Amino acid sequence: MGTMDEEKSCEDQSLPLQDSEPGSSKARTWMRRALRLVVVVLILKSTQWYLGLSTRPGEYSRGPSGSAELVLEKACQQVSPLHPHSQSHGLDAMDTHISSEAFRNASIKRLSGAVQIPTESFDDLGKIGDDKRWDIMYDFAAYLKETFPESHKALALEVVNTHGLLFTWKGENKTLKPTLLMAHQDVVPVPASTVDAWTHPPFSGFYDGKYVWGRGASDCKNQLIGILEAVEELTKAGFTPRRTVLLSFGFDEEISGKDGAGHLAPVIYERYGSEGVAAIIDEGSGFVNQWGMRAALAGVGEKGYTDVQITVRMPGGHSSIPPDHTGIGVMSELLTLIEAHKYPTQLADQNPYLGLLTCGAEHGPSFPSKLKHLLHGRQDATRSCRDRSKKDHLALEAAKDGLGTRYLMQTSIAADVIAGGAKVNALPERTTAIINHRINIGEHSTDVHDRISNITKEVAHKYNLTLHAFDGAKEEPQSIMLDASRNTLEPAPVTPTETTKLSPYSILAGTTRALYGEDIIVTPGLMTGNTDTKYYWNISKHIFRFTAGWDGESFGLGNIHTVDERIPVVSHINMVRWMSMFIRNMDQSDLE
Ligand SMILES: [Zn+2]
């Protein structure tokens, strides 16, 4: 058990459980590495390429001022602002109109009206049709129809699984893959006990001169209404797309998305095929101010997810003659061991957080110099694959920022639910616990299951219990059972962030910098939670979880999932602007 967090080989980074190298083989490895280094240097020395370069990537150079500056191998590439070409007088007038007072007032009313419909999705909702609480979604769909008449004329609306809304705005050019914009209609419920804590009632949609208040104002009716407002204005301005635009609005994102996105995605997949959509925008990360760098985080990855249920079955009996350890005692020992063996903090090469660090090193005035040096060391290590520990040093140093940062680079373990024992004079026959894990980029749910199996094996052996690890076996007496939740999800495929040529990412980045200015750095971001996009992985490689509306001064998530959820109206108007620009920018590109 002592080998859990030992060094791993460069080739085998993703396996969390591995023995450390024995001393003699370590020496051999170092000799091999030294020899390889000599060969590489000799080859480099003999080439014009090497002699012709004043600095190699990842080396220090003297800047114009004479100060040492880091030349990073994978630079923080920023694309130029991308404004849609002017296509018609109508569209130019539309851009002016969206900036007007009249539009602002009408937009406040539209968003406020949407917030006033309490589309709460409850964990214990029954089947659609049986449970009347779903019916509020009909009111919401009717509200959209009445509020966005032009969109409902120009776009075909299909209702999927009763409340899923799929709008299709057919493009003229069938060879161009569609742009897909997403949001969810449902909101997190407001517990009755918290209603009094709200400054303004949670479903009032109150406007105080700056913010629209209420549940869903920033998660994510702002996104849904913002998309439809952009589409409505584009249709009114006479815009006709070359590239098909799809709008897909689920209705149970907050309770898994199974009935909404889980049904919408297969319809889209069937119609457009594998990777048949050019780009997907859904709710997600937004704007941060880190190391003095103002950055827009485009969520290009999501951690994975698995809950593991542990069941300890031990003989019952009278508590006056107990064994040395009851089922609860055994479970406690097991949980203590599981918590003691934290997952390593490690940054896989494809982890989007590395992109944020790289940008911070380049654009953040207060980016720590130690972190910068470690970043340099890591890039060196990545190139030569010669010292994996350099990678870990960077991850460990970066993690000092706090738990929020640590868990962008580490699989989390949280023992969240426990039950066992019924009576003080009866020994517990069945004790259960559920442990939640969010799986790090570069790792896999089987890594989590293997790790927990290995720890449990020792405890089962110690107490002479039979271990059933993820084998689907029926519970038996004197055993420990391990079961993975059905909603186990691998880390999402990481969206490419190509900027050297036109790509969905560069269009997103260019649109964002066109709207907010070039002092905004666009960087890849990682989500620790999951959005409805988890059902869309096979539809597009280019999935972005990005909340594009921003007021230029607020950072963070605007009280989502808690009391006093609200959104600055400026952010909301910018959401409309961004969506209208992104649709046109995608439309004007010939991206396949
Ligand atoms: Zn949401």
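Each remark here, short or long, concerns the structure printed above.
Calculation criteria
Residues numbered from 1 in each chain as written. Predicted model: local features only at pLDDT ≥ 70, side-chain atom pairs only at ≥ 80, totals over all residues. Heavy atoms only, no water. Donors = N, O, S within 2.8 Å, 3.2 Å for Na, K, Ca; no water. Tetrahedral: all angles 85-135°; square planar, octahedral: opposite > 155°, others 65-115°. Pairing = 2+ DSSP bridges. Helix = DSSP H or I, 4+ residues; strand = E, 2+ residues; numbered from the N terminus. Axes fitted to C-alpha atoms, helices over the stretch in contact; angles between N-to-C directions. Contact = heavy atoms within 4.5 Å. Core = buried A, V, L, I, M, F, W, Y, C linked by side-chain atoms within 4.5 Å. Buried < 20%, exposed > 50% of the residue type's maximum accessible area, 1.4 Å probe, protein only.

Draft legend 1. Expanded view of the coordination of the zinc ion. Bound to the zinc ion are the protein donor atoms His184 (NE2), Asp219 (OD), Glu283 (OE) and Glu283 (OE), situated 1.8 to 2.7 Å from the metal. Seen from the zinc ion, its 4 donor atoms lie at angles of 53 to 151°, and the figure they make is irregular.

Draft legend 2. Examining the sheet that holds strand 14 (residues 466-469) more closely. With mixed pairing, 5 strands are arranged side by side in an open sheet as 12-13-11-15-14. Pairing within the sheet leaves two strands with one partner each, and these edge strands are strand 12 (412-420) and strand 14. Each neighbouring strand pair of the sheet contributes to a mean axis angle of 15°, computed without reference to strand direction. As paired elements, strand 11 (residues 304-313) and strand 13 (residues 430-439) share 10 bridges and run antiparallel to each other. From the neighbouring strand, Thr311 faces strand 13, where its bridge partner is Thr432. With respect to the sheet, helix 9 (residues 327-340) is in contact with strand 11, strand 12, strand 13 and strand 15 (479-484), its orientation differing from that of strand 13 by roughly 15°. Contacts from helix 14 (residues 445-462) reach strand 11, strand 13, strand 14 and strand 15, with the element oriented near 175° to strand 15.

Draft legend 3. Structural view of the nonpolar core. In terms of nonpolar packing, the biggest core is built from 68 residues, with Leu144, Leu181, Leu247, Phe249, Leu508, Trp578 and Phe582 touching the most fellow members. Top element by residues in this core is helix 16 (residues 569-588). It accounts for 10 residues. Beyond its immediate stretch of four places on either side in the chain, Leu144 contacts His152, Leu165, Leu224, Ile225 and Leu228. Trp291, Cys359, Leu408 and Ile521 belong to the second-largest nonpolar core, a separate cluster that totals 24 residues.

Draft legend 4. The environment of Lys501, seen in detail. Take Lys501: it is sitting in the loop between strand 15 and helix 15 (504-516). Lys501 gets classed as exposed once you look at its relative accessible area, which sits at 54%. Put simply, Lys501 and Val79 are 422 residues apart on the chain and 9.7 Å apart in space, counted from C-alpha to C-alpha.

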